[in-house]
Amino acid sequence: MKGRFILGVVAVLAIATLAWAATNLNSSRSNIYRLTYPSDLVSPEQAKAILAELDRIGPKDEAQLKQWLPANFKRFGIAGDRVKKLIVLPRGKELKEIAIILLTKPEDEAAAIAVTVKSSKSNSSE
């Protein structure tokens, strides 16, 4: 019984490692927002420009962000048609900033959320 449990844990860790390696996500942050995105969709410079503009206009709710971002992708040089899923996570216990996740592959959602939460916690000054 103990052997099966250990084998199961090892298998889950191996699968998680493979899934992590397959997803190449970057995370950038501002005072209000954290942006997680695939490296082949958004450059660090584009992410910095988006975050600077979002900081300038101030905090927005989920609905406002989901409207503003797609309307402004082209302005920042992002191929909006490649964004298959846009996720906005509110600030809270797990996140110090409002999280914005851009995905070209919706199946990367779980990994992207994990990267976002982990990054938010590791960059916290608390």
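As a starting point, this report considers the structure included with it. (Residues numbered from 1 in each chain as written. Predicted model: local features only at pLDDT ≥ 70, side-chain atom pairs only at ≥ 80, totals over all residues. Heavy atoms only, no water.)

Close approach of charged atoms allows side chains of opposite charge to pair. Throughout the structure, instances matching the rule amount to six salt bridges. For Arg 34, the salt bridge identified is with Glu 97, shortest N-O distance 3.1 Å. Here Glu 97 lies in the loop between strand E3 (85–89) and strand E4 (98–103) and Arg 34 lies in strand E2 (residues 33–38), a separation of 63 residues in the sequence. The class of Arg 34 is buried, set by a relative accessible area of 1%. Taking the relative accessible area as the measure of exposure, Glu 97 reaches 2% and is therefore buried. The closest approach of N and O atoms between Arg 82 and Asp 40, which form a salt bridge, is 3.2 Å. (Salt bridge = Lys/Arg side-chain N within 4 Å of Asp/Glu carboxyl O. Helix = DSSP H or I, 4+ residues; strand = E, 2+ residues; numbered from the N terminus. Buried < 20%, exposed > 50% of the residue type's maximum accessible area, 1.4 Å probe, protein only.)

Attention shifts here to helix H2 (residues 44–57). With 14 residues, H2 should reach 20 Å at 1.5 Å per residue; the first-to-last C-alpha distance of 20 Å fits that figure. All of the buried residues along H2 are Gln 46, Ala 47, Ile 50, Leu 51, Glu 53 and Leu 54. Around the axis of H2, the buried residues are gathered within 160 degrees of arc, so they sit on the same side. Exposed and oriented more than 90 degrees from the buried face of H2 are Glu 45, Lys 48 and Arg 56. Gly 58, located one to two residues past H2, shows a positive phi value of around 90 degrees. (Expected span 1.5 Å × (residues − 1). Arc of directions from axis to C-beta.)

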